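If you want the building blocks of each chain, they are given just below.
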Amino acid sequence: MNIVQVDYDGLIPNNVGLGEDVRVKHALEKWHPGYINWWKDMGPEGFQESLVYLRTAISVDPKGWAKFDYVRMPEYRWGVLLAPQHEGRKIPFGMHKGEAAWQEVPGEYRAMLRRLVVIQGDTEPASVEQQRYLGKTAPSLYDLRNLFQVNVEEGRHLWAMVYLLQKYFGTDGREEAEALLQRRSGDPDTPRMLGAFNEKTPDWLSFFMFTYFTDRDGKMQLEALAQSGFDPLSRTCRFMLTEEAHHMFVGETGVTRIIQRTCEAMKEAGISDPNEIDKVRKLGVIDLPTIQKKANMHFSLTLDLFGNEISTNAANAFHSGLKGRYREDRLKDDHQLEGGTYPVLRLIDGKIQNEDSPALSALNMRLRDDYVVDCNVGVGRWNKVIAEHGIPFEIKLPHVAFHRHIGEFTNIKADVGGNVLSDAEWAKRRGEFLPSDGDKDFIESLMQPQMEPGKFASWIAPPRVGIDNKPGDFEYVKIADA
Ligand code: BYC
């Protein structure tokens, strides 16, 4: 079998030899109608008949893996694609370091592995559900197409995890695959598994912040799982990371374009003080302090996705060789961490301070630290745009103790600088840090659809280049009457 080329003949495009794997093929074909029903019920509302200019994976060769064409979303070819197997790959970390990578699930780690696959799988449809209504208020056809690209690929990532469940986890894998279609983002009775995936994504600034901050958690977690000693998981995650890069691009450039438009409008109107919020809003753009508040919210919600700073689950997953660190293969240490320590920011006697903790228990913290570094790179680029317009304002990521619901800082209130606040102070100052109802209403008032090819809503600049090098007035979505 040529692993790089994808078999497109059957119902499910794949490069895993499904044609010869009758049991798994049937299991996936049985799961398929439920998936399509879920997509129609919970996928992008109102655009299922529209033709969307989407990329579809046709190979896993890093050079040229996708083809672009118009497709109706329910007819998108969601497939199962794994990065090529590395001959002789060894488990890169933990107590089994140096042993041959597992091609089957090791019995003693079955439950732990299944839990990781299910949690990863659960986030993918959750994000589609969260973004379900955004199409109706898209600021351009370019952005509408990007939203749908992200959505169909999150759908494919669900397929990626469901393949692992169906192939390697027998009856309970099948049940978990069904349950992934039953839970719903924000549902009080059957919510999605992780907190941030039950929040709303009510407007396009939220969407861009989500794809910048929360998809980046996806990147970090996938990078950690791509190191796994369980080879099929590693290979699946490696290919998912190729797609994930575009999602973060959508987020980073989306926020950049909003900032750019705000700065341009301020300059044209002769406003140099970013805190003249009412005047800036009258220009039909989003003021920088509100953009900061949205960043505060999405960053803090996403930090919760890293779990507790000190975690036995994380230690066990590493020790067993199931989940590594960010870019484990580039780190220079013993890859076992049994004696080492790592500084963990903790709440000690009411004060936020570093404490050296056993490195194995601190792996969530370490991944979160790597995440914060990665987040700051794009924030620096946003600030460059602001500086180029000569506006005295800088977007800053809030302190990690700010607005937390998981881990060390769950039971305290802190401001964006990490100063502990009383409940009363927090209640009084909350609106300084997080979007207020007024801010939300203002943003909502801007969310008017702009569906003419080449046109953009007042509050966002056009992109510098089109998708697949298409010209500015390209019709990325041919909207069909619903
Ligand atoms: N919400 O030992 P702890 C993505 C639970 S995003 C609710 O600290 P652990 C994407 C935890 O489950 C990436 N519950 O946890 C992005 C545990 O419960 P149990 C998704 C939470 O295991 C955008 C208990 O608290 N992938 O791909 O060390 C669009 C003790 O916690 C939360 C993954 O996350 C929470 N936030 O770390 C689309 C990778 N946090 O089991 C897609 C797989 C913790 O004791 N998952 N809990 O009942 C993992 O590696 C880990 O499960 C976590 C948690 C890092 C999430």
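Our structure's up above, just so we're on the same page.
Criteria and thresholds
- Numbering of residues starts from 1 in each chain and follows the order in which that chain's sequence is written.
- Selection of residues for local features in this predicted model requires a pLDDT of at least 70, selection of side-chain atom pairs for listing and counting requires 80 or more, and totals for whole chains, interfaces and linings are taken over all residues.
- Note that the side-chain values use all heavy atoms of the structure and ignore hydrogens as well as water.
- The way it works is that DSSP assigns letters per residue, a run of H or I at least four long becomes a helix, a run of E at least two long becomes a strand, and they are numbered from the N terminus.
- Contact between two residues is taken to exist if any of their heavy atoms lie within 4.5 Å; hydrogens are not considered.
- Note on method: axes are straight lines fitted to C-alpha atoms, helices fitted across the in-contact stretch only, with angles between N-to-C directions ranging 0 to 180 degrees.
- What makes a crossing left-handed is the near helix being turned counterclockwise from the far one by less than a right angle; a clockwise turn instead makes it right-handed.
- Residues are sorted three ways: Asp, Glu, Lys and Arg are charged, Ala, Val, Leu, Ile, Met, Phe, Trp, Tyr, Cys and Pro are nonpolar, and all the rest, Gly among them, are polar.
- As used here, the term nonpolar core means buried Ala, Val, Leu, Ile, Met, Phe, Trp, Tyr and Cys residues forming a set that is joined through side-chain atoms within 4.5 Å.
- Residue exposure (1.4 Å probe, protein chains only): buried if accessible area is under 20% of the type maximum, exposed if over 50%, otherwise partly exposed.
- Two strands are counted as paired when DSSP detects at least two bridges linking them.
- Centre distance within 6.5 Å is the pairing criterion for rings of Phe, Tyr and Trp, where only the six-membered ring of Trp is used; planes under 30 degrees apart are then read as stacked, over 60 as edge-to-face, and the remainder as tilted.
- Working rule: Lys NZ or Arg CZ, within 6 Å of ring centre, within 35 degrees of ring normal, means a charge sits over the ring.
- Only protein atoms enter the 1 Å grid used here. Points where a 1.4 Å probe fits but cannot escape make up a cavity, open sets with protein on both sides within 12 Å along at least five of seven lines make up a pocket, and a residue lines them when an atom lies within 4 Å of a point.
- Grid points are joined across faces, edges and corners, and a volume is the space filled by probe spheres set on the points.

Here the focus is the side chain of Ser 140. Relative to the helices and strands, Ser 140 resides in the loop between helix H2 (110-130) and helix H3 (141-168). The residues contacting Ser 140, other than those within four sequence positions of it, are Gln 450, Lys 455 and Phe 456.

Right, let's get into the packing of helix H1 (residues 22-42) against H3. Orientation of H1 relative to H3, taken along the N-to-C sense of each, is 145 degrees, at an axis distance of 11 Å. In this structure, H1 crosses over H3, and the sense of that crossing is right-handed. Residues Arg 23, Val 24, Ala 27, Leu 28, Trp 31, His 32, Tyr 35 and Trp 39 of H1 touch H3, and the partners they reach there are Asn 151, Val 152, Gly 155, Leu 158, Trp 159, Val 162, Tyr 163, Gln 166 and Lys 167. Classifying every residue of the contact of H1 with H3 by side-chain character gives 11 nonpolar, four polar and two charged.

Turning next to the side chain of Arg 156. Tracing the sequence through the fold places Arg 156 in helix H3. Apart from residues lying up to four places away in sequence, Arg 156 is in contact with Trp 78, Gly 79, Val 80, Leu 81, Phe 239, Met 240 and Glu 243.

Turning next to the nonpolar core. In terms of nonpolar packing, the biggest core is built from 130 residues, with Tyr 35, Phe 213 and Ile 259 touching the most fellow members. Broken down by element, the residue count for this core peaks at 16 residues, all from H3. Setting aside residues up to four positions removed in sequence, Ile 259 forms contacts with Leu 288, Ile 291, Trp 382, Val 385, Ile 386 and Ile 395. Of all hydrophobic cores here, the second largest spans 12 residues; its members include Phe 197, Phe 210, Phe 402 and Trp 426.

Note on strand geometry: in a regular strand, side chains alternate between the two faces of the sheet. In this structure, strand S3 (residues 341-348) lies alongside strand S4 (residues 351-358), joined through eight bridges in antiparallel fashion. Bridging from a neighbouring strand, Tyr 342 pairs with Ser 357 of S4. Remark: two residues form the turn of the hairpin made by S3 and S4, two consecutive strands paired antiparallel; Asp 349 in that turn has positive phi of roughly 50 degrees.

According to the stated counting rule, one finds 32 aromatic pairs in the structure shown. Seen in terms of ring centroids, Tyr 53 and Tyr 70 are 5.4 Å apart; in terms of plane orientation they differ by 65 degrees. Their pairing is edge-to-face. Placement of Tyr 53 in strand S1 (residues 51-57) and of Tyr 70 in strand S2 (residues 66-72) is noted, with a sequence separation of 17 residues between them. The exposure class of Tyr 53 is buried, given its relative accessible area of 7%. Residue classification places Tyr 70 among the partly exposed positions, given a relative accessible area of 24%. On the basis of an interplanar angle of 85 degrees and a centroid distance of 6.2 Å, the ring pair of Phe 213 and Trp 382 is categorised as edge-to-face. Taken together, the residues span a long stretch of sequence, with Phe 213 in helix H5 (residues 204-226) and Trp 382 in helix H10 (residues 363-388) at a distance of 169 residues. With a relative accessible area of 0%, Phe 213 lands in the buried category. Linked through ring pairs, Trp 31, Tyr 35, Trp 38, Trp 39, Tyr 76, Trp 78 and Trp 159 together constitute an aromatic cluster. When the ring centre of Tyr 212 is taken as reference, the NZ or CZ atom of Arg 216 above it lies at 4.2 Å.

Per the counting criterion, the structure on display carries three cavities of 30 Å³ or more. The computed volume of the largest cavity comes to approximately 100 Å³. Contributing to the lining of the largest cavity are 13 residues, with Lys 323, Gly 324, Leu 363, Asn 364 and Leu 367 lying nearest its centre. Those elements that place two or more of their residues in the lining of the largest cavity are helix H9 (312-319) and H10. Looking at the lining of the largest cavity residue by residue, the class counts come to seven nonpolar, two polar and four charged. Empty space within the second largest cavity amounts to approximately 60 Å³. Lining of the second largest cavity is provided by Gln 130, Ala 196, Glu 199, Lys 200, Thr 201, Phe 210, Thr 214, Met 297, His 298, Leu 301 and Thr 302. Of all the elements, helix H8 (residues 288-303) adds the most residues to the lining of the second largest cavity, at four residues. Tallied by class, the residues present in the lining of the second largest cavity amount to four nonpolar, five polar and two charged.

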